[in-house]
Amino acid sequence: MSRLIIVSNRLPVTVRTEQGTVAVVPSAGGLVTALRGPHERHGGLWLGWPGDVSRLTAEQRDDLEAQLARVGAAPVHLTSAEVSRYYDGFSNGILWPLFHYLIEKVNLDARRDWESYRDVNERFAAAIAERYQPGDRVWIHDYQLTLVPAMLRRRVPDARIGFFLHIPFPSSEVFRILPWREQVLRGLLGADVVGFHTTSYRYHFVYSAARVLGLDPDLETLTYEGRKVRLGVFPVSIDVGEFARLAQDEEVRAEAQRIRERDGGRKLVLGIDRLDYTKGIPRRMLAIERFLEREPELRSKVRFVQIAVPTREGVDAYAEFRRVVNELVGRINGAYATLDAVPIHFMHQSMPMDRVVALYLAADVMMVTPLRDGMNLVCKEYVASRLDDTGALVLSEFAGAAAELIEALPVNPYDIDSVAATIKRALVMPLSEQRVRMQALRRRVIAHDAHRWAHSFLNELDRASAAAPAVGAARRMSDAREPTTIATARRAPSLLVLLDYDGTIVPLAAMPELAPPDEELFADLRGLAARPRTQVHVVSGRPREDLERWLGELPISLHAEHGFFSRAAPGEPWTALREASLDWKPKVRDILQGFVDRTAGSFIEEKTVSIAWHYRTADPELASQMARDVPARLADVLREHDLELIAGRKVLEVRLRGVNKGVIVPRVLSAVSPDAMIVALGDDRTDEDLFAALPPTALTVHVGGGESRAAFQLPDPASARRFLRALVA
């Protein structure tokens, strides 16, 4: 059975030193609980930072390494400067607030923090690669390590890599604020499976990738660099059995009874959160204040308990946030306290889990009202603890858990009046309604616990394999294979080289006019054409005017509009494949103009015997919807005039049926020696006709991502040009 390598920012242990002796103590927490089973069953390895061990002696460090190895853990050591910049600076100073939509807290002037983040991610990738064994599965966790999947992919191309994001993925409009947005997306797309808590997070990721990287949006799978990257929704959960056990524990139940007795018959409204600005504690306090103001008859009948778990105590912004919360609680208590009690009992401290469960059992209402939260497990813990099916859950619609726990009372945490009204609704909810809601909540939480979450993700990862290319995809030229392929072509007595233009030897541009050849490409093509017994043909969908203007002086053959027009050498005339009627063009133009009018950023490119609708620069979601509608609108005219509609890379083109790049092959082959080696490079659907028409011995290369019948694949035009230069070197 293959090993499971788990990678997270922190190891699931705490390192303690007492009287010179180092001790490794297992940590608690939902992620640790969920992954402990798979980690142990599969003889796994867990990589992460063990915490600050800079004060340990060399002997103590050796002892620590040995203890970690015994529990299946391996440390990635970080300096205090790296923790400050990679963790505090970039991870929590930029990604954390940005992904939680708190843009005003994002520090974008952070180049050095970014560099540290990148370097630490490289260190993690190197540590994984060093320990990787063939067949291992690698599961990388959370926003601190978004670059690791791609970095590891470069080191171990055939590794099975999964990534799970434990925080929200923001909308494209928010994510694109990030100066390093492209690097983060490419980093994540190095994985075989990328997992999210909710469908909305996955949706945001897909359309961010579509806008930033130009990928075709698909909610299930993205095609990237010749691989299929699966996108899954896996809502993280809790160890339900452990909370049920604690809820039945006699001491826990006795503590819950003592809490209720101390409340003197008052109802208890509970909140438990880390003291983080994403959790919405100040707005929750304001909603409580509004409730107290509006409901004077209920003031003496309810007590609010807020547990604020300390977090990031050394960060100035969090210290200021704590001061704001303390002042707010003090003001409300000062206004509504009596000689007997204060309305809000605020505790800034951590609490053992058995005490937490006692509070869950004692609470009549649980308030979980973050401004934004990836999932939030507190609400699931409360539900799992309510074995008597009573209690009410007030849940922010901006928590990931809201997508699952639909029987909770939903609130908009920014709407103080609405939250105050929902508090009252929860307090006066009939027992019968409580039971209906809580039973449904408990069924869902029990059915989808932490163990199912881990099992579901790993099953999906098992189905994905970097060693198995996408269906119909070319084999990527690896470092080992490419020199052999080039050497074979270089030794060939004669060469026939067939090249597409856009997306193959020049990058795709927003507009066709913006993709002229550069001086380096001129030199590459001249050098290739000068090779003895070598013929070079550029076979493009572009009009002949473009090819003549840009490449006409080169000693190569040109083929325009997918082979309808050809020119053998400089100075020779262009010849047409055949006579063609063009009376269909006005009708097609009018139909496509309708799509241009409804799709901002799209445009029509009209050629002699074809018309293309480009939507590369349009909104990806709108454009993909419009592109699905085009075939139906054109169906009648296509049938009447014997035309065909061809899909390229963000372009749909109407052309004469039977006119494709493959039609030039018989004519071209007749002009070369039988022993010529054929090399063909292309990047989209139109080049598949060329590949199909070539003999099986041809060396066909697909450039970019997507499916292809080509034998090999290169990632981009820069790689294609290096490949061509190597044929001459």
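Residues numbered from 1 in each chain as written. Predicted model: local features only at pLDDT ≥ 70, side-chain atom pairs only at ≥ 80, totals over all residues. Heavy atoms only, no water.

Another aspect to go through is the pairing of strand β28 (residues 699-703). Among the 5 residues of β28, 5 are classified as buried, and the element is accordingly described as predominantly covered. Examined bridge by bridge, strand β27 (residues 677-682) and β28 share 4 bridges and lie parallel to one another. Across the sheet, the residue bridging to Ala680 is Thr700, located in β28. For the crossover that starts at β27, traverses helix α24 (residues 685-693) and ends in the parallel β28, the hand is right-handed. (Buried < 20%, exposed > 50% of the residue type's maximum accessible area, 1.4 Å probe, protein only. Helix = DSSP H or I, 4+ residues; strand = E, 2+ residues; numbered from the N terminus. Pairing = 2+ DSSP bridges. Right-handed = clockwise from strand over helix to strand, strands pointing away.)

Grouped burial of nonpolar side chains is what soluble globular proteins tend to show. Counting residues in hydrophobic clusters, the biggest one holds 100 residues, and the most contacted among them are Val7, Phe169, Leu178, Phe205, Phe291 and Phe304. With near-sequence residues (within four places) excluded, Phe205 lies in contact with Phe169, Leu185, Leu188, Leu189, Phe196, Leu222 and Leu231. Within the second largest apolar cluster, 66 residues are counted, among which are Val22, Ile238, Ile307 and Leu359. (Core = buried A, V, L, I, M, F, W, Y, C linked by side-chain atoms within 4.5 Å. Contact = heavy atoms within 4.5 Å.)

Let us look at the sheet that holds strand β11 (residues 267-274). For sheets, the rule is that strands pair by backbone hydrogen bonds, running either parallel or antiparallel. Overall, parallel pairing links the 6 strands, which are arranged β13-β12-β11-β14-β15-β16 in an open sheet. Of all the strands in the sheet, the pair left with one neighbour each is β13 (344-347) and β16 (409-411). Sheet twist, expressed as the average angle between the axes of neighbouring strands with direction ignored, equals 20 degrees. Alignment of β11 against strand β12 (residues 302-309), held across 8 bridges, turns out to be parallel. (Axes fitted to C-alpha atoms, helices over the stretch in contact; angles between N-to-C directions.)

Closest axis-to-axis distance for the helix α4 (residues 111-131)/helix α5 (residues 148-155) pair is 9 Å, and the angle between their directions is 45 degrees. The orientation of α4 with respect to α5, classified from their angle, is oblique. Viewed along their axes, α4 and α5 form a crossing whose handedness is right-handed. Two secondary-structure elements touch here, α4 through Arg118, Asn121, Glu122, Phe124, Ala125, Ala126, Ile128 and Ala129 and α5 through Val148, Met151, Leu152, Arg154 and Arg155. (Parallel < 35°, antiparallel > 145°, perpendicular 65-115°, else oblique. Left-handed = near helix turned anticlockwise from the far one by under 90°.)

Time to look at the pattern of salt bridges. Applying the stated criterion across every chain yields a total of 62 salt bridges. Across the pair Glu289 and Arg331 runs a salt bridge, and its minimum N-O distance is 2.5 Å. Here Arg331 lies in helix α12 (residues 316-336) and Glu289 lies in helix α11 (residues 281-294), a separation of 42 residues in the sequence. Given a relative accessible area of 42%, Arg331 falls into the partly exposed group. The residue Glu520 makes a salt bridge to Arg725 at a minimum N-O spacing of 3.9 Å. Residue Glu520 is found in helix α19 (residues 519-530), and its partner Arg725 is found in helix α25 (residues 717-728); the two are separated by 205 residues along the sequence. Note on Glu520: relative accessible area 45%, which makes it partly exposed. Bridged by salt links that share partners, the residues Asp518, Glu520, Asp524, Arg721 and Arg725 form one connected network. (Salt bridge = Lys/Arg side-chain N within 4 Å of Asp/Glu carboxyl O.)

Turning our eyes to something else, we now look at the environment of Trp550. Looking at where Trp550 falls in the secondary structure, it is placed in helix α20 (residues 544-551). For the pair Trp550 and Ala447, spaced 103 residues apart in sequence, the C-alpha separation works out to 64 Å. Apart from the residues within four sequence positions on either side, Trp550 is in contact with Tyr501, Pro512, Glu513, Ala515, Pro516, Pro517, Phe522 and Arg542.

Here we come to the side chain of Arg160. Relative to the assigned elements, Arg160 resides in strand β7 (residues 160-164). A polar atom in the side chain of Arg160 sits 2.9 Å from the backbone oxygen of Gly135. In this structure the side chain of Arg160 is engaged in a polar contact, spanning 3.4 Å, whose partner is the side chain of Asp462. (Polar contact = N/O pair within 3.5 Å; in protein donor to acceptor, adjacent residues only side chain to side chain.)

Spatially, 4 strands are ordered β23-β24-β26-β25 in an open sheet, and the strand pairing comes out antiparallel. The open sheet has two edge strands, β23 (603-606) and β25 (643-647), and neither has a second partner. Going across the sheet, the axis of each strand differs from the next one's by a mean of 20 degrees, ignoring polarity. Bridge analysis of β25 against strand β26 (residues 651-656) gives 5 bridges, and the strand direction is antiparallel. Within the sheet, the bridge partner assigned to Leu643 lies in β26 and is Leu656. Each of β23, β24 (610-614), β25 and β26 touches helix α21 (residues 585-598); the most contacted strand, β24, lies at about 5 degrees to it.

In the structure shown here, the tally under the stated rule is 28 aromatic pairs. On the basis of an interplanar angle of 70 degrees and a centroid distance of 5.4 Å, the ring pair of Phe90 and Trp180 is categorised as edge-to-face. Here Phe90, found in helix α3 (residues 80-99), pairs with Trp180, found in the loop between α6 (172-175) and α7 (181-188); they are 90 residues apart in sequence, far enough to count as distant. With a centroid separation of 5.2 Å and 40 degrees between ring planes, the pair formed by Trp139 and Trp453 is classed as tilted. On the criterion of sequence distance, the pair formed by Trp139 in strand β6 (residues 137-141) and Trp453 in helix α17 (residues 450-463) is long-range, its members being 314 residues apart. Chaining the aromatic ring pairs together yields one cluster made of Tyr86, Tyr87, Phe90, Trp114, Tyr117 and Trp180. Seen from the ring of Tyr277, Lys105 lies directly overhead, with NZ or CZ sitting 4.8 Å from the centre. (Phe/Tyr/Trp six-rings, centres within 6.5 Å; stacked < 30°, edge-to-face > 60°. Lys NZ or Arg CZ within 6 Å of the ring centre and 35° of its normal.)

Of all 8 residues in α5, 6 are buried; the element is thus mostly enclosed. When α5 is considered as a whole, its buried residues turn out to be Val148, Pro149, Ala150, Met151, Leu152 and Arg153. Against the buried residues of α5 lie α4, β6, β7, α7 and β10 (227-233).

Before going further, it helps to spend a moment on the packing of helix α8 (residues 199-213) against helix α22 (residues 620-640). Interhelical geometry of α8 versus α22 gives an angle of 85 degrees and a closest axis separation of 9 Å. Comparing their axes, α22 and α8 come out roughly perpendicular. Between α8 and α22, the contacting residues are Tyr203, Tyr207, Ala210 and Arg211 on the first element and Pro620, Glu621 and Ser624 on the second.

Our next topic: unusual backbone geometry. Even without being glycine, Asp389 reaches a positive phi, approximately 60 degrees. Its relative accessible area of 17% is what places Asp389 among the buried residues. The residue His562 is not glycine, and still its phi comes out positive at about 60 degrees. On the accessibility criterion, His562 (4% relative accessible area) is buried.

Of all residues in the protein, 97% have pLDDT values of 70 or greater, and the mean over the chain is 93. In this model residues 466-473 is a low-confidence stretch, pLDDT under 50, and it forms 18 contacts with partners more than four residues away in sequence or in other chains. (pLDDT = per-residue confidence, 0-100.)

A contiguous patch of negative charge on the surface is contributed by Glu59, Asp62, Asp63 and Glu65. Along the polypeptide, Glu65 turns up in helix α2 (residues 58-70). For Glu65, a relative accessible area of 33% gives the class partly exposed. (Patch = residues over 30% accessible without salt bridge, like charges linked within 9 Å, V, L, I, M, F, W, Y side chains within 5 Å. Areas by Shrake-Rupley, 256 points an atom, 1.4 Å probe, with all protein chains shown as cover. Lys, Arg positive; Asp, Glu negative; His and termini not counted. Charge placed at Lys NZ, Arg CZ, Asp CG, Glu CD.)

This next bit is on the pairing of strand β1 (residues 4-10). Extensive coverage of β1 is indicated by the burial of 6 of its 7 residues. Bridge count between β1 and β6: 4 bridges; the pairing is parallel. What sits directly across from Leu4, in β6, is Arg137.

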